[in-house]
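A structural walkthrough
The primary structure of each chain is shown beneath.
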Amino acid sequence: MTSRPAPGGGARFALIALAIGFLALFLLLPLVAVFAEALAKGFGAYAAAIAEPDALAAIRLTLLVAAMAVPLNIVFGIAAAWAIAKFDFRGKAILTSFIDLPFSVSPVVAGLIYVLLFGAQGWFGPWLRAHDIQIIFAVPGIVLATVFVTFPFVARELIPLMSEQGRDDEEAALSLGASGFQTFRRVTLPNIRWGLLYGVLLCNARAMGEFGAVSVVSGHLRGQTNTMPLHVEILYNEYNFVAAFAVASLLALLALVTLILKSIVEWRFDHQRGGAGH
Amino acid sequence: MITVHGLSKRFGAFPALKGIDLEVRDGEFLALLGPSGSGKTTLLRIIAGLEFPDAGRVEFNGEDVTGLKVADRKVGFVFQHYALFRHMTVADNVAFGLSVRRRGQRPPKAQIRARAEELLDLVQLGGLGHRYPAQLSGGQRQRVALARALAVEPQLLLLDEPFGALDAKVRKDLRRWLRQLHARMGLTSIFVTHDQEEALELADRVVVMDRGAIEQVGTPEAIYMGPESAFVSDFVGESNSLPVTVTGGRAHLFDRPIDVALNGAADGAGRLDFRPHDVSVCDEQAGCLPLLVTGVYRRGGEWRVEGEVAGIDRTIEIDVSAAHSAPEIGTRLGLRIERARLFQTGEQP
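Right, let's walk through the structure included here. Please read these numbers as outputs of a predicted model, since none were measured by experiment. (Residues numbered from 1 in each chain as written. Chains lettered and ligands numbered in written order. Predicted model: local features only at pLDDT ≥ 70, side-chain atom pairs only at ≥ 80, totals over all residues. Heavy atoms only, no water.)

1. A word on the sheet that holds strand E2 (residues 14-24) of chain B
Strands in a sheet are paired, the pairing made by backbone hydrogen bonds, and the direction either parallel or antiparallel. All names here are of chain B. With antiparallel pairing, the 4 strands of this open sheet are ordered in space as E2-E1-E4-E5. Each edge of the open sheet is held by one strand with a lone partner, namely E2 and strand E5 (63-64). Strand direction decides the pairing type here: strand E4 (residues 55-60) and E5, joined by 2 bridges, are antiparallel. For Phe60, the partnering residue across the bridge sits in E5 and is Glu63. Lying over the sheet, helix H1 (residues 40-48) contacts strand E1 (2-11), E2 and E4, oriented at roughly 120° with respect to E1. (Pairing = 2+ DSSP bridges. Helix = DSSP H or I, 4+ residues; strand = E, 2+ residues; numbered from the N terminus. Contact = heavy atoms within 4.5 Å. Axes fitted to C-alpha atoms, helices over the stretch in contact; angles between N-to-C directions.)

2. Side note on the state of the cysteines
Residue and element names in this part refer to chain B. This structure, assessed with the given rule, holds 1 disulfide over all chains. The partner cysteine of Cys282 in its disulfide is Cys288, sulfur to sulfur 1.7 Å. Linking Cys282 and Cys288, the disulfide has an S-S dihedral of approximately -135° and is accordingly described as left-handed. Judged on exposure class, the residue Cys282 and its partner Cys288 are both buried. (Disulfide = S-S within 2.5 Å. Buried < 20%, exposed > 50% of the residue type's maximum accessible area, 1.4 Å probe, protein only.)

3. Some thoughts on the nonpolar core
All names here are of chain B. Of all hydrophobic cores here, the largest spans 44 residues; its most connected members are Val94, Leu146, Leu157, Leu159, Leu178 and Val206. Excluding its chain neighbours within four sequence positions, the residues that come into contact with Leu157 are Gly76, Val78, Leu146, Ala149, Leu150, Leu187, Thr188, Ser189 and Ile190. Core analysis: the next-biggest nonpolar cluster, separate from the first, contains 39 residues, Leu30, Leu43, Ile46 and Val75 among them. (Core = buried A, V, L, I, M, F, W, Y, C linked by side-chain atoms within 4.5 Å.)

4. Description of the interface of chain A and chain B
Interface size is commonly expressed as the accessible surface area that is lost when the partners come together. Counting residues at the interface gives 21 residues for chain A and 22 residues for chain B. A buried area of about 2,000 Å², summed over both sides, lies between chain A and chain B, and 57% of it is on carbon and sulfur atoms. Area buried by chain A at its contact with chain B is led by Ser175(A), Leu176(A) and Arg186(A), which between them contribute 33% of it. Linking chain A with chain B are 2 salt bridges. Between Glu171(A) and Arg45(B) there is a salt bridge, and its shortest N-O distance comes to 2.6 Å. Examining the composition of the side of chain A that touches chain B, we find that 7 residues originate from one element, helix H10 (residues 168-175) of chain A, more than from any other. For the side of chain A that touches chain B, a count of residues per class yields 8 nonpolar, 7 polar and 6 charged. (Buried area = accessible area lost by both parts, 1.4 Å probe. Salt bridge = Lys/Arg side-chain N within 4 Å of Asp/Glu carboxyl O. Nonpolar A, V, L, I, M, F, W, Y, C, P; charged D, E, K, R; others polar.)

5. Here's the deal with the packing of aromatic side chains
Residues and elements named next belong to chain B. This model, assessed by the stated rule, comprises 15 aromatic pairs over all chains. Positioned above the aromatic ring of Trp177, the side-chain terminus of Arg143 is 5.9 Å from the ring centre. Of note, Arg298 hangs over the ring of Trp303, and the distance from its end group to the ring centre comes to 4.8 Å. (Phe/Tyr/Trp six-rings, centres within 6.5 Å; stacked < 30°, edge-to-face > 60°. Lys NZ or Arg CZ within 6 Å of the ring centre and 35° of its normal.)

6. Here we look at the layout of surface pockets
To locate leftover empty space, one rolls a probe as large as a water molecule over the atoms. By volume, the largest pocket is sized at about 970 Å³. In this structure, the largest pocket is lined by 32 residues; those nearest its centre are Leu174(A), Ser175(A), Ala178(A), Val70(B) and Ala71(B). Going through the elements one at a time, helix H3 (53-86), H10 and helix H11 (180-209) of chain A are the ones with two or more residues in the lining of the largest pocket. Top element by residues in the lining of the largest pocket is H10(A). It accounts for 4 residues. (1 Å grid on protein atoms, 1.4 Å probe; cavity = no way out; pocket = protein on both sides within 12 Å on 5 of 7 lines; lining within 4 Å. Points joined across faces, edges and corners; volume = space filled by probe spheres on them.)

7. Notes on the sheet that holds strand E11 (residues 240-247) of chain B
Residues and elements named next belong to chain B. Judged by pairing direction, the sheet is antiparallel, and its 5 strands sit side by side in the order E13-E12-E11-E14-E20 without closing on themselves. Every other strand in the sheet has two partners, leaving strand E13 (256-258) and strand E20 (341-344) as the edge strands with one partner each. Neighbour-to-neighbour, the strand axes of the sheet open up by a mean angle of 45°, direction not taken into account. Taken together, the 4 bridges between strand E14 (residues 268-274) and E20 define a ladder with antiparallel strand orientation. Following the sheet pairing, Leu272 is matched in E20 by Leu342.

8. What to know about helix H8 (residues 139-150) of chain A
Residues and elements named next belong to chain A. Helix length check: H8, at 12 residues, gives a terminal C-alpha distance of 16 Å against a target of 16 Å (1.5 Å per residue), a fit within 8%. With respect to burial, H8 is a largely interior element, 9 of its 12 residues being buried. Along H8, the residues classified as buried are Gly141, Ile142, Val143, Ala145, Thr146, Val147, Phe148, Val149 and Thr150. Packed against the buried residues of H8 are H3, helix H5 (101-104), helix H6 (107-118), helix H9 (152-165), H11 and helix H12 (212-218). (Expected span 1.5 Å × (residues − 1).)

9. Structural notes on a positive patch on the surface
All names here are of chain B. A cluster of like positive charges, contributed by Arg103, Arg106, Lys109 and Arg113, occupies part of the molecular surface. The topology assignment puts Arg113 in helix H3 (residues 109-122). Take Arg113: its relative accessible area is 56%, and that puts it in the exposed class. (Patch = residues over 30% accessible without salt bridge, like charges linked within 9 Å, V, L, I, M, F, W, Y side chains within 5 Å. Areas by Shrake-Rupley, 256 points an atom, 1.4 Å probe, with all protein chains shown as cover. Lys, Arg positive; Asp, Glu negative; His and termini not counted. Charge placed at Lys NZ, Arg CZ, Asp CG, Glu CD.)

10. Some remarks on the pattern of salt bridges
Residue and element names in this part refer to chain B. A complete count under the given rule lists 28 salt bridges over all chains for this structure. Here Arg299 makes a salt bridge to Glu238, at a shortest N to O gap of 3.6 Å. Pair noted here: Arg299 is in strand E16 (residues 289-299) and Glu238 is in the loop between helix H8 (230-235) and E11, with a separation of 61 residues, a long-range link. What makes Arg299 partly exposed here is its relative accessible area of 41%.

11. Comments concerning the packing of helix H2 (residues 90-99) of chain B against H3(B)
All names here are of chain B. Contact geometry for H2 and H3: axes closest at 9 Å, N-to-C directions at 120°. With respect to H3, the axis of H2 lies oblique. Handedness of the H2/H3 crossing: right-handed. Between H2 and H3, the contacting residues are Val90, Ala91, Val94, Ala95, Leu98 and Ser99 on the first element and Ile112, Arg115, Ala116, Leu119 and Leu120 on the second. Partitioned by chemical class, the residues of the contact of H2 with H3 number 9 nonpolar, 1 polar and 1 charged. (Parallel < 35°, antiparallel > 145°, perpendicular 65-115°, else oblique. Left-handed = near helix turned anticlockwise from the far one by under 90°.)

12. Description of unusual backbone geometry
Although it is not a glycine, Phe137(A) adopts a positive phi angle of roughly 60°. With respect to the helices, strands and loops of the structure, Phe137(A) is situated in the loop between helix H7 (125-130) and H8. Taking the relative accessible area as the measure of exposure, Phe137(A) reaches 42% and is therefore partly exposed. Notably, Arg211(B) is not glycine yet its phi reads approximately 45°, a positive angle. On the secondary structure map, Arg211(B) appears in the loop between strand E9 (205-210) and strand E10 (213-218). Residue Arg211(B) is classed as exposed on the basis of its relative accessible area, which comes to 59%.

13. What about H6(A)?
Residues and elements named next belong to chain A. With 12 residues, H6 ought to run about 16 Å at 1.5 Å a step, and its terminal C-alpha atoms sit 17 Å apart, in line with that. Here H6 has its buried residues at Ala110, Gly111, Tyr114 and Phe118. Taken down its axis, H6 places every buried residue within 95° of arc, on the same side. Here the buried face of H6 lies against H7, H8 and H12. (Arc of directions from axis to C-beta.)

The following block contains the structure:
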């Protein structure tokens, strides 16, 4: 036997207890606290806090932003991953590191970049004002900031997958007479579907939960440019804890749903890969 | 007939092909044989239209197809790693080429299905159409890939290391089967391989390539019996080589004459190559080469004898009929080289 002996009963119990205790303290307890605090004054108060017009507006805006940012990043992400994984070109390494930029830069900086570009004092500010287009402190700015922050999720997920799959399948389809679009729809897309779904889930979770970048460009106009995370902060600063935690509980719920879906997708993904025999 | 004129291709600074000229006859089974980096796969991919040359022309039956994309060339391409569509059943894989045709040219669904079944029967996989590629063995997958390529009725079949990913036993069976299939269908086919045994067994003609150029083209027999360059002699079949000097039409190893016909070679330094079976044993006398036996083992009906010739650091391998008793290790054997080829080298022996 070369493997180390398993730790004795006592040590093993201690390790497991430590891990569970840590998880409970830092993950489970806060989650429970969110729901407990939200329901502290009963279900009626909880429902009222969510049905309140400003809260509904924040939910609506969050869904709208995600509905715009996620599809954009699906298109950009697939295009970038396709280019990087399947072709060799000059500047490929630079493009690859640029994709990671949103992960390496603070979201606040990301927001400030857009203020700098599109704000009243920004580079395009005068032109935008002359044409009566508002980007900063309005929905377009929030969408832009969200797109920036969530850009890497889909691309990051697809690049290693598409590189590993190589170009053979696409070349086989082309040699059989398929057009470029047919090849994409019938060969490439099915090959990456689970990885893509996984990336989309993560992208969506971040798009709905993003605070920093959105906070800078939003202007915090209640009922107009407040997303859910911003709305939670405002309510909390007003000591309106039940309402704050009620809205926060929706975000927590989103996280839980994302986690469950993610586990299902991961399981399918592994299954498919394992089954392919590579 | 497929014709290739002056084909050149670089990948960055690396010259993959350096001015290739080649003719492929109708109905022939042609092997592109060479070590990795010899340009054989690049040549195959350019003929397919998966890669485009920097210079030169590709013609199918006199028609210039150099600029045509793979989809417009009517070629079947079989990949080393099968490249089957893993999310489709075997039958859907085979039917793919027909099902992506434009509306006017696409056969009705029932006809496509019937054609796929027919092709699966042809590759001896009838009844497995409902399976997925992951549920098949390597040899079965490669036959599906072949059926899929044949479904579009190509005028040319191209196979890139078709047996490369298979284990030895399956490879041998599939090889024999593919040769029979080719004999039956008569479809012009080109396959790439680095395995000389595979090329010699399967092909009507073999194209030996090295470093982006063609070294020799010929029947397997001609290539094996008459290698025209030192590279072909080394690469195809087993061969021994001795550094010799030619003076007065005779080869000399360290001033000792070797008694073998050279067909009028010019004087100078050279390399004398001979196959292990092109020798006979004789007494150690004038004209016979002394060989110190260092190893003996049985290979079929012969003894494979490994030995050393004084002053040469390469092991010499020869075949001795097993009708004799096995030579003892440490003894000396006299060799007469019955047939050899001389390649001139610049170096001094």
